[in-house]
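Listed here are the chains, written in short residue letters.
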Amino acid sequence: MSSMGWKPPEERDPEIQQIPGIRGRLLFMRLVMIIVLALLVYRVYYVQQTKGTELSQRAEGNQFATLTTDAPRGVIFDRNGEPLAINKPSFNITITPAFLPADEDAQQAIFERLSLLSGVPLTNTVEQETLIATANPELVSTYSRLAEIYGASVEETLDEAGVLRQIPDSIEGIVEENSFAPYLPAVITSGVPISTAYLIEQQSIFLPGVRVLPQPLREYPSGEYTAHIIGYMGPVPNQAWIDELNYERDDRVGWAGLESSMEIELAGQRGQRRIEQDWTGREVRQIGEAQEPQAGLNLHLTLDLRLQEIAYDILGQFLAANEAEGRVDEITGERTFPESVQGAVVALNPKTGEVLAMVNLPTFDNNRFQTEVPVDYYLSLARDEYTPLVNHAISGTYPPGSTFKLVPASGAMEEGTIAPERYLFDPGTIEIPNRFAPNDPGRVQPFVCWNLEGHGAINMLLGIANSCDVYFYKISGGFDQDGEFVEGLTVDRIDLYGQQFGFGRVQGIELPLEAQGNLPTRAWKRQTQGEPWSTGDDYNLGIGQGFMTATPLQVAQMGAVIANGGFLFRPRIIHHMTDADGNVVVTDKDGKILARARLGRNGETILTDAEGNPLDDPTINVQFDANGEPIFQPEVVDTLAVDKRYIDIVAQGMEMVNNRMSDTEYFTGATYVDWEEMERQGVNTAGKTGSAEYCDNIAIKRGWCRFEDIAQRRILPTHSWYTGYAPYDDPQIAVSVFIFNGGEGSQWAAPVACHVMAAYFGLGQYASLTGGLTPEEAAELPEVCSSTVFNPELPQLDAPATPEGAEEAIVPETPEVAPVEPLPGE
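From a predicted model like this one, the values you see are computed outputs, not experimental measurements.

**Describing the overall build of the protein chain**
Looking only at helices and strands, the protein chain has 28 helices and 33 strands in total. Sorting the 826 residues of the protein chain into buried and exposed places 49% on the buried side. For the protein chain, contacts bridging at least 24 residues in sequence account for 71% of all contacts bridging at least 6.

As structure tokens, then:
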């Protein structure tokens, strides 16, 4: 082989040597080339040493991917196994922008084909331009500025104002909006039926970047009946859920009700698997073993869906009847039709604290939140003055009125303020001198009974049965006139016993946003009102008025405390939780699994930890009955520091409340409703009515609060209340009923409670729904809870089994107390 090719240029061509400075220039070029090559080698070394791992991971990211598998969300059942929240199969159509072809024409072809298959528009540009051209530019500009000022969406603001209709998202718009995260699937449409999903999946090989992902929808079979209890789901609220709780951007989480408060337990844990993918993002093979998802826990509630449906229907009928009945103004004589659209019913097992029913009206349809939060529907609910999105049974606070009299009644006897047999005189009105000007008759404060004629001589039993305001004024705030002296409990001791009954405190039900209400104290008034506490405040507090507020749940708990002999149980809506294998699961307050329990072959309880290892922990108490069902474990929150004799006297007074001796002699609970037929069918009852004056924002806006010169007093609207339990001697259910602006408690709330109790025991007309009888057999029974105001129609429901214990009711003896004829008013 010739060696010429290996010689330097100057040796191969002698003429080059004749060029001046050629050697220096050649040397310089050689040095430059050496330096450049050295830099390239160094760069390769530097990149490999410092960024090799990162580049390797990026390369693997293109070839490999870690897919997460959503865990099945836990299902929610009522106490009889009826489904309240289930998972419905559904699919999402997604596009991953990074896997789309770079060629714009190819992208356009994919978008057009996907638009044809899914029904999602390709682009909205032309339609949007047409709408903008026809809109009023001044209104567009004005509302756009307002939206920017208040941080609202411009498009939604213009749409809500009717200025510029908001059109659905297009495929091009969605892809562009999600281009900042090219490797995350962007949802084009959700809730796709399986036929469409299957068709798109078949053609996905020709649609690179397009994937069909399963996305179960949450369905609520009981809908509006249980919307406030079960709640609904929505998108991840903020970035913290993604950063701290490891949720993904397109996840849906609980927004209200149990879906929210039990989110951790219901959500479960995601699974993971590593795959190799091709350039279109399609899976080629799985790498290693997959980590299977752990399904969320199933919630088994204490709620009785059948009782819930009946109570919902009854309350709704009475609200409508209340609005249609009309009321006559006691001063002007004018007849008006009230606005009565809000109410609540709470039913408890007084021996355990289990919530049997919790009804709220107005309500909403939580099934409309399956795939998204519908803006129009949500805003209409949020702007409603009666707040249908709020669970008023636990979050609404209202003056409890005369139902609260059970608290000073119990405390006054325990403290020795009043002997139960001692009579006090009720003249209809008492006057309290001003402490700073006791001799100034112009500053005397009158306090009136609802019965302006007075009840005369009255003791504890008659005071409760007739709901005598003057009697409770005296034992609450004290009295020293006309030779009659009563020390009075005062606010300090009313606060003590009120808390033991459950007022002024959060009792710990598993639902979110439970309100504690307001059990006022001297310090509270000084801090919030800037005034000292007065005797008049004691009087108002003693009858559940003034600054006192409570929730319907707290009022139901008060009745339950008397019914069970003095125990305040924690109200519970969850009976127990189970995993996918049917084990009973015990968790801590953070949702972490502490133990799993199951019934052994020999009837013993087998405990394991979260990983399935044997567990011996005496603090975890899980027991099963003879049928293998977990036994509910009640939790005592507080005990009533009142002698059992005095609790029994209060109970006797409550039993008298519902008694009717004749057409002209009856106590407050029997003013409009007949409880006797329930007693004849085996269930005696006890209760307390209440008509609570109020003046809130709604009442002020409607002009319902006013001062009448003729009467020289304020005329205020009233809420309708009732709390009670049955049977009297063996309580199985405690019920509270609240009707906003309902009027007299005896007229509207008491009949609702009567019907709810009758439905629970399957009495009279309800025997075909909850008593196990056929409609024909039930039709032969006398109807119960007949009212002189309104009698509801029987709900059209299927008939389930008889509730446990309904046939065991015993008729108790009526206490021997001389009847007093009251005027209707409580």
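**Re the nonpolar core**
Within the largest apolar cluster, 109 residues are counted, with the highest numbers of intra-cluster contacts made by Leu-258 and Phe-503. Leu-258 has contacts with Ile-229, Ile-230, Glu-263, Leu-266, Leu-299, Leu-301, Glu-510, Leu-511, Ile-573 and Ile-574, leaving out every residue within four places of it along the chain.

**Let's talk about the packing of helix α18 (residues 469–477) against helix α21 (residues 535–542)**
Where α18 contacts α21, the two axes come as close as 8 Å, and the packing angle between them is 125 degrees. Between α18 and α21, the angle is such that the two are oblique. Here the hand of the crossing between α18 and α21 comes out right-handed. On α21, the residues that touch Phe-472, Tyr-473, Ser-476 and Gly-477 of α18 are Thr-535, Asp-538, Tyr-539 and Gly-542. In the contact of α18 with α21, the residues fall into three nonpolar, four polar and one charged.

**Some points on the confidence of the model for the protein chain**
When pLDDT drops low, the exact placement of atoms in the prediction is not to be read closely. With 86% of its residues at a pLDDT of at least 70, the protein chain reaches an overall mean of 86. Between residues 799–825, whose pLDDT stays under 50, and residues either more than four places distant or in other chains, the model counts 64 contacts.

**Some points on the sheet that holds strand β5 (residues 186–192)**
The strands making up a sheet associate through hydrogen bonds between their backbones, and the pairing can be parallel or antiparallel. As summarised here, the arrangement of the three strands in space is β5-β4-β6, forming an open sheet in which the pairing is antiparallel. The open sheet has two edge strands, β5 and β6 (210–214), and neither has a second partner. Neighbour-to-neighbour, the strand axes of this sheet turn through a mean angle of 25 degrees, independent of strand direction. Where strand β4 (residues 91–95) lies against β6, five bridges are found, and the strand directions are antiparallel. Counterpart to Ile-95 in the pairing with β6 is Val-210. Where helix α3 (residues 104–118) meets the sheet, its contacts fall on β4, β5 and β6, and the angle it forms with β4 comes to roughly 165 degrees. Strands β4, β5 and β6 of the sheet are contacted by helix α8 (residues 194–202), whose axis makes an angle of about 145 degrees with β6.

**As for the pairing of strand β29 (residues 686–693)**
Across the eight residues of β29, seven count as buried, placing the element largely inside the fold. Of the strand pairs in this sheet, β29 and strand β32 (residues 718–726) are connected by eight bridges, and their pairing is antiparallel. Within β32, the position partnered with Lys-688 by the bridge is Thr-723.

**Some details on the pairing of strand β16 (residues 355–361)**
With seven of seven residues buried, β16 lies mostly within the body of the structure. As paired strands, strand β15 (residues 343–348) and β16 are joined by six bridges and run antiparallel to one another. Counted as the bridge partner of Ala-347 is Ala-357 from β16. Here β15 folds back onto β16 in antiparallel fashion, the turn holding six residues, of which Gly-353 has a positive phi close to 85 degrees.

What counts and how
- Residues numbered from 1 in each chain as written.
- Predicted model: local features only at pLDDT ≥ 70, side-chain atom pairs only at ≥ 80, totals over all residues.
- Heavy atoms only, no water.
- Helix = DSSP H or I, 4+ residues; strand = E, 2+ residues; numbered from the N terminus.
- Buried < 20%, exposed > 50% of the residue type's maximum accessible area, 1.4 Å probe, protein only.
- Contact = heavy atoms within 4.5 Å.
- Core = buried A, V, L, I, M, F, W, Y, C linked by side-chain atoms within 4.5 Å.
- Axes fitted to C-alpha atoms, helices over the stretch in contact; angles between N-to-C directions.
- Parallel < 35°, antiparallel > 145°, perpendicular 65-115°, else oblique.
- Left-handed = near helix turned anticlockwise from the far one by under 90°.
- Nonpolar A, V, L, I, M, F, W, Y, C, P; charged D, E, K, R; others polar.
- pLDDT = per-residue confidence, 0-100.
- Pairing = 2+ DSSP bridges.

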